[in-house]
Each structure stands twice: as C-alpha cells, then as structure tokens.
Amino acid sequence: ENLVRLRNAGVRIALDDFGVGYSSLSHLRDLPISRLKIDRSFTLECMRDARTLTIVKAVIEMARSLGISITAEGIETQPQQTWMQHLGCDSAQGYLFARPLPADDFLRLFLDRQGLGRERSLMH
C-alpha cells in the first residue's frame, strides 16, 4: 500500500538484485515497480552459460511484457555492456562506468560527462 502511494506521488521503484536472495516472481506481479535490476551474477554468467542466458532472456521478456524497465548490474567491460544491451536491457551499472563515489564526486563526474555529451555513458 505504501509503495503504491509512493508510485502515485511520482517515485519510481526499482527491485534490486533480482534473481538472488529473496527475489520472487510474485514481486513482479504484486509490487508497483518500474525497474528491475538483474543481479550481477546473472549478468556475468549469461555470457558463458547457456542455462543462465535462458533465464536472463526469460526475465527480460517477462519484465518487458509487464512494462518494467531492466538494468543490468555488474557491467565491467564493453563486451558485457554490448551483450546486455543486445538482450534488451535499458540501462546498465557497474565499474565500466564508475566506481562507487561520494555524492559530490558523482555529481562532478556526471556534470563533466554531460558537458561532453556522454551523459548516457553513466547508464543510470
């Protein structure tokens, strides 16, 4: 109920680390989420393992069918980013774009890249 109120107030809700821990398909059905973040273990493994790739494709297709955006976590190389983009992810996050930063450093980096026309390289 609180999540629905937040969504109605304009807050976008992301389900983090999907595929591990307590994540469940019922979350996709029951929660008012706008973004699904595929856990980095799936992002890394789907380039090497056909079974993992099948799972990632199914998750992406389910999310798309439900109108949910998809973020690939743990992107460390350009081939990983290209692969996940090819699979249908809307965005990516990981060390390829930046290491974890204090808020002030992030803002400075973001503004510097935006000035270069590279704001999409941060791939929220």
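As a reminder, the structure under discussion sits directly above these lines.
Residues numbered from 1 in each chain as written. Predicted model: local features only at pLDDT ≥ 70, side-chain atom pairs only at ≥ 80, totals over all residues. Heavy atoms only, no water.

Asker: Got a minute to help me understand the packing of aromatic side chains in this structure?
Answerer: Aromatic rings in a pair are described by how distant their centres are and how their planes are angled relative to each other. One pass over the structure, following the stated rule, counts 1 aromatic pair. Summarising the aromatic geometry, the rings of F106 and F110 are spaced 6.1 Å apart at their centres and angled 25 degrees between planes, so their arrangement reads as stacked. Taken together, the residues span about one helical turn, with F106 and F110 both in helix 6 (residues 103–115) at a distance of 4 residues. By relative accessible area, F106 is classed as partly exposed at 41%. For F110, a relative accessible area of 25% gives the class partly exposed. Across from the ring centre of Y95, 3.8 Å away, lies the NZ or CZ of R99, which sits over that ring. (Phe/Tyr/Trp six-rings, centres within 6.5 Å; stacked < 30°, edge-to-face > 60°. Helix = DSSP H or I, 4+ residues; strand = E, 2+ residues; numbered from the N terminus. Buried < 20%, exposed > 50% of the residue type's maximum accessible area, 1.4 Å probe, protein only. Lys NZ or Arg CZ within 6 Å of the ring centre and 35° of its normal.)

Asker: Help me understand the pairing of strand 3 (residues 69–72), please; the structure alone is not making it clear to me.
Answerer: Here is the key point about a regular strand: its side chains alternate between the two faces of the sheet. With 4 bridges joining them, strand 2 (residues 35–38) and strand 3 adopt parallel strand pairing. Along strand 3, the bridge assignment pairs I38 with A72. Each parallel crossover has a hand, and for strand 3 linked through helix 5 (residues 78–87) to strand 4 (residues 91–92) it is right-handed. (Pairing = 2+ DSSP bridges. Right-handed = clockwise from strand over helix to strand, strands pointing away.)

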